[in-house]
Amino acid sequence: MIALVDYDAGNVRSVEKAIEHLGEKAVLTRDVSVFREADHIILPGVGAFEDAMGRLDHYGLTEPLREIAAEGRPFMGICLGMQLFFERSEESEHDVEGLSLLPGRLFRFPDTAGYKIPQIGWNALHIRPESKLFAGIPDGTFVYFVHSYYLQAEREEDVAATAEYMIPFHAAVEHGNIFATQFHPEKSGEWGLKILKNFISI
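On a predicted model such as this, the values are computed, not experimentally measured, just so you know.

Focus: the side chain of Asn177
Thinking step 1. Checked against the element boundaries, Asn177 lands in the loop between strand S12 (167-175) and strand S13 (178-181).
Thinking step 2. Residue class for Asn177 comes out buried when judged on its relative accessible area of 17%.
Thinking step 3. One polar contact links the side chain of Asn177 to the main-chain carbonyl oxygen of Ala69, over a distance of 2.9 Å.

Quick look at the structure:
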């Protein structure tokens, strides 16, 4: 069973449908006991960093999610969920701390002639060959992004894939039981489903 974290973030239903398409059971919940029983946990969502951390705090999920991640259960963040795995974001007006599961920060794309913010659309991945999340995924595979802020992970060894939009940025990470993508695998066609299947198989 895959538990999806319910914190009133958008885009959760599409992740749930993708998992069900793969023949797995997905449960949308904010019940900590369900997270502790789940085989895998996914933190999906779109929205603003500070607001999202506020909702996790409101529902009493911040510390339990940190504890569950530390216990070694496979845990994946998608889009906003990936950003929340890190320490800080320029999007936050009050310097709110993220879940801090991995060291790194989020920065706003610079205003650049010929580029729109947010980036909305398909972009190619440059994949680290030994990545578990991208096993069997060809380098250069296109996936679907919607974001205004990009990740700068502190540790290069945590980076599973990079992409480029104005500047190179970290598009996916993995470290132990922690996996995350800035792009939306659930909206990235057959290769996106393969990425989700890889995670579920871990």
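Let's pick the thread back up.
Remarks on the layout of surface pockets
Thinking step 1. Considering only enclosed or pocket space, the largest pocket measures out at about 160 Å³ in volume.
Thinking step 2. When residues of the lining of the largest pocket are traced back to their parent elements, those giving at least two are helix H5 (80-84) and strand S9 (142-147).
Thinking step 3. Its residues assigned to classes, the lining of the largest pocket comprises six nonpolar, five polar and one charged.

Re helix H3 (residues 49-58)
Thinking step 1. The set of residues buried in H3 consists of Phe49, Ala52, Met53 and Leu56. Considered in projection along H3, the buried side chains sweep an arc of 100° and stay on one side of the axis.
Thinking step 2. If you follow the buried residues of H3, they end up packed against strand S1 (2-5), helix H4 (62-70), H5 and strand S5 (88-89).
Thinking step 3. Backbone geometry just downstream of H3 places Gly60 in the positive-phi region, at approximately 70°.

What about the environment of Glu67?
Thinking step 1. Looking at where Glu67 falls in the secondary structure, it is placed in helix H4.
Thinking step 2. Taking relative accessible area as the criterion, Glu67 reaches 40% and is therefore assigned partly exposed.
Thinking step 3. Along the backbone, Glu67 and Asp39 are 28 residues apart, and their C-alpha atoms lie at a distance of 15 Å.

Points about the packing of aromatic side chains
Thinking step 1. Overall, the coordinates contain eleven aromatic pairs when judged by the stated rule.
Thinking step 2. With centroids separated by 5.7 Å and ring planes inclined at 70°, the aromatic side chains of Phe145 and Phe183 adopt a geometry described as edge-to-face. Within this pair, whereas Phe145 is found in strand S9, its partner Phe183 is found in the loop between S13 and helix H6 (189-201), the two being separated by 38 residues in sequence.
Thinking step 3. Since its relative accessible area comes to 0%, Phe145 is described here as buried.
Thinking step 4. Each member of the aromatic cluster is reached from another via a ring pair, and the members are Phe107, Phe109, Tyr115, Phe134, Phe145, Tyr150, Tyr165, Phe169 and Phe183.
Thinking step 5. Geometry around Tyr59 places Arg30 over its ring, the cationic atom sitting 3.7 Å from the centre.

A short note on the nonpolar core
Thinking step 1. Ranked by internal contacts, the top residues of the largest apolar core, which has 34 residues, are Ile42, Leu125 and Phe134.
Thinking step 2. Among the elements of the structure, S1, helix H1 (12-21), strand S4 (75-78), S9, strand S11 (159-165), S12 and H6 are those that each provide at least two residues to this core.
Thinking step 3. Apart from the residues within four sequence positions on either side, Phe134 is in contact with Leu125, Ile127, Ala160, Ala161, Ala172, Phe183, Ile195 and Asn198.
Thinking step 4. Grouped together as the second largest cluster of nonpolar side chains are 32 residues, Ala3, Ile41, Met82 and Tyr149 included.

Observations regarding the environment of Glu97
Thinking step 1. With respect to the helices and strands, the residue Glu97 is situated in the loop between S5 and strand S6 (104-108).
Thinking step 2. Considering only alpha carbons, one finds Glu97 and Pro129, 32 residues apart in sequence, at a separation of 32 Å.
Thinking step 3. Not counting residues within four places of it along the chain, the set of residues in contact with Glu97 comprises Phe49, Met53, Arg66, Glu87 and Arg88.
Thinking step 4. Within the local environment of Glu97, its side chain forms a polar contact with the side chain of Ser100, the two groups lying 2.8 Å apart.

Overview of H6
Thinking step 1. Helix length check: H6 (13 residues) gives 19 Å between terminal C-alpha atoms against 18 Å at 1.5 Å per residue, within 8%.
Thinking step 2. Restricting attention to buried positions, one finds in H6 the residues Gly192, Ile195, Leu196, Asn198, Phe199 and Ile200.
Thinking step 3. Buried positions along H6 lie against S1, H1, strand S3 (40-43), S4 and S13.

Thresholds, definitions, all that
- Residues numbered from 1 in each chain as written.
- Predicted model: local features only at pLDDT ≥ 70, side-chain atom pairs only at ≥ 80, totals over all residues.
- Heavy atoms only, no water.
- Helix = DSSP H or I, 4+ residues; strand = E, 2+ residues; numbered from the N terminus.
- Buried < 20%, exposed > 50% of the residue type's maximum accessible area, 1.4 Å probe, protein only.
- Polar contact = N/O pair within 3.5 Å; in protein donor to acceptor, adjacent residues only side chain to side chain.
- 1 Å grid on protein atoms, 1.4 Å probe; cavity = no way out; pocket = protein on both sides within 12 Å on 5 of 7 lines; lining within 4 Å.
- Points joined across faces, edges and corners; volume = space filled by probe spheres on them.
- Nonpolar A, V, L, I, M, F, W, Y, C, P; charged D, E, K, R; others polar.
- Arc of directions from axis to C-beta.
- Contact = heavy atoms within 4.5 Å.
- Phe/Tyr/Trp six-rings, centres within 6.5 Å; stacked < 30°, edge-to-face > 60°.
- Lys NZ or Arg CZ within 6 Å of the ring centre and 35° of its normal.
- Core = buried A, V, L, I, M, F, W, Y, C linked by side-chain atoms within 4.5 Å.
- Expected span 1.5 Å × (residues − 1).

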